[in-house]
Amino acid sequence: MGILDQMKLDKKTALVTGGARGIGKSVAYGFAQAGANIVIADWDIEEASKTAQEIAVAENVRTLAIQTDVTRSESVEQMIAAIQKTFGSLEIAFCNAGICLNIPAEEMSIEQWSKVINVNLTGVFLTAQAAGKLMIEQGKGGSIITTASMSAHIVNVPQPQCAYNASKAGVIQLTKSLAIEWAKHNIRVNSLSPGYIGTELTLNSKDLQPLIKTWNEMAPLHRLGKPEELQSICVYLAGDTSSFTTGADFIVDGAFTCF
């Protein structure tokens, strides 16, 4: 089998949480272009349904949109049950749902702290746990990709985001732990650590405009990354080409963390 054949995801089903927009949507397109059927899981079911329909038409693959709260185990279990019912199996899980609150540490309430940790860390665990259980039952292995961040490696400035940084650092260690535990099941678990990415929400946010200017001045490439620049690494991690790659963190940040 040639290298390009190993990159194909034909006959596989890929779950993308937080897939309605931004990085999740872009990576879902990448998976679909490689041949996978796509599950878009998001709290915003209207936008998730729109994205799923767009991908189905554009890439001629089967899609499913599911309203999911990744912080609730019951919701995640219902999502997995719907995937089983619709597609029969799950081979790829991109645990991507996340939020960020820019609040000074001395002003942050426990509710705000918990909200970020619950979505970014607990939500990743619950999704990976449920996907991993199914993959173990299927007995065919699989690939789980988590979304960490360059914020797991550095402290971002000038915005105050201690909860976000802590949650993403936790995602990397969780990823490594799952990779070790599930290696015997041939389930590979890797994390993606993007730098500043110019999603539609980021670019259109008035609150972030001053920050974007600062980020670009600091960045070696003097620009934000593009969501589509994360597609190829995720397709690689999802497919057979990366069969010896597990427990790794891939920083895609335009060298931002190199200094």
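Above this note sits the structure.
Just so it is clear, the model here is predicted, and its values are computed rather than measured. (Residues numbered from 1 in each chain as written. Predicted model: local features only at pLDDT ≥ 70, side-chain atom pairs only at ≥ 80, totals over all residues. Heavy atoms only, no water.)

Chemist: Sorry, what's going on with helix H2 (residues 22-33) here?
Modeler: Side chains that are three or four residues apart share a direction in an α-helix, a result of its 3.6 residues per turn. Compared with the 16 Å implied by 1.5 Å per residue over twelve residues, the 17 Å span of H2 between its first and last C-alpha is a close match. For H2, the buried fraction is high: nine of the twelve residues fall into the buried class. Ile23, Gly24, Ser26, Val27, Ala28, Tyr29, Gly30, Phe31 and Ala32 are the residues of H2 that are buried. Immediately downstream of H2, the backbone of Gly35 shows phi near 110°, a positive value. (Helix = DSSP H or I, 4+ residues; strand = E, 2+ residues; numbered from the N terminus. Expected span 1.5 Å × (residues − 1). Buried < 20%, exposed > 50% of the residue type's maximum accessible area, 1.4 Å probe, protein only.)

Chemist: Is there a simple way to explain the packing of aromatic side chains in this structure?
Modeler: The description of two aromatic rings rests on the distance between their centres and on the angle between their planes. This model, assessed by the stated rule, comprises five aromatic pairs. With a centroid separation of 3.8 Å and 5° between ring planes, the pair formed by Tyr196 and Trp215 is classed as stacked. Here Tyr196 is found in the loop between strand E6 (187-194) and helix H7 (200-203), whereas its partner Trp215 is found in helix H8 (residues 209-218), with 19 residues between them in sequence. Residue Tyr196 is classed as buried on the basis of its relative accessible area, which comes to 15%. Judged by its relative accessible area of 6%, Trp215 is buried. Consider the rings of Phe256 and Phe259, whose centres lie 6.0 Å apart with planes at 45°: the pair is tilted. By relative accessible area, which is 7% here, Phe256 ends up buried. Here a set of aromatic residues connected by ring pairs shows up, and it is made of Tyr196, Trp215, Phe256 and Phe259. (Phe/Tyr/Trp six-rings, centres within 6.5 Å; stacked < 30°, edge-to-face > 60°.)

Chemist: Help me out: how do you make sense of the layout of surface pockets in this one?
Modeler: To find the voids left in a structure, one rolls a probe of water-molecule size over its atoms. Of the voids in this model, the largest pocket is the one considered here, and its volume is about 1,600 Å³. When contributions to the lining of the largest pocket are tallied by element, the ones reaching two or more residues are H2, strand E2 (37-42), helix H6 (162-182), H7 and H8. Of the residues forming the lining of the largest pocket, the biggest block, five residues, is contributed by H2. The residue makeup of the lining of the largest pocket, split by class, is 21 nonpolar, 19 polar and nine charged. (1 Å grid on protein atoms, 1.4 Å probe; cavity = no way out; pocket = protein on both sides within 12 Å on 5 of 7 lines; lining within 4 Å. Points joined across faces, edges and corners; volume = space filled by probe spheres on them. Nonpolar A, V, L, I, M, F, W, Y, C, P; charged D, E, K, R; others polar.)

Chemist: Sorry, what's going on with the pairing of E2 here?
Modeler: Looking along a regular strand, one sees side chains alternate from face to face of the sheet. Within E2, six of the six residues are buried, which leaves the element mostly enclosed by the surrounding structure. Side chains Asn37, Val39 and Ala41 project from E2 onto one buried face, and the interleaved Ile38, Ile40 and Asp42 project onto a second face that is buried too. For strand E1 (residues 13-17) and E2, the ladder comprises five bridges, and the chain directions are parallel. When the bridges of E2 are listed, Ala14 appears paired with Ile38. (Pairing = 2+ DSSP bridges.)

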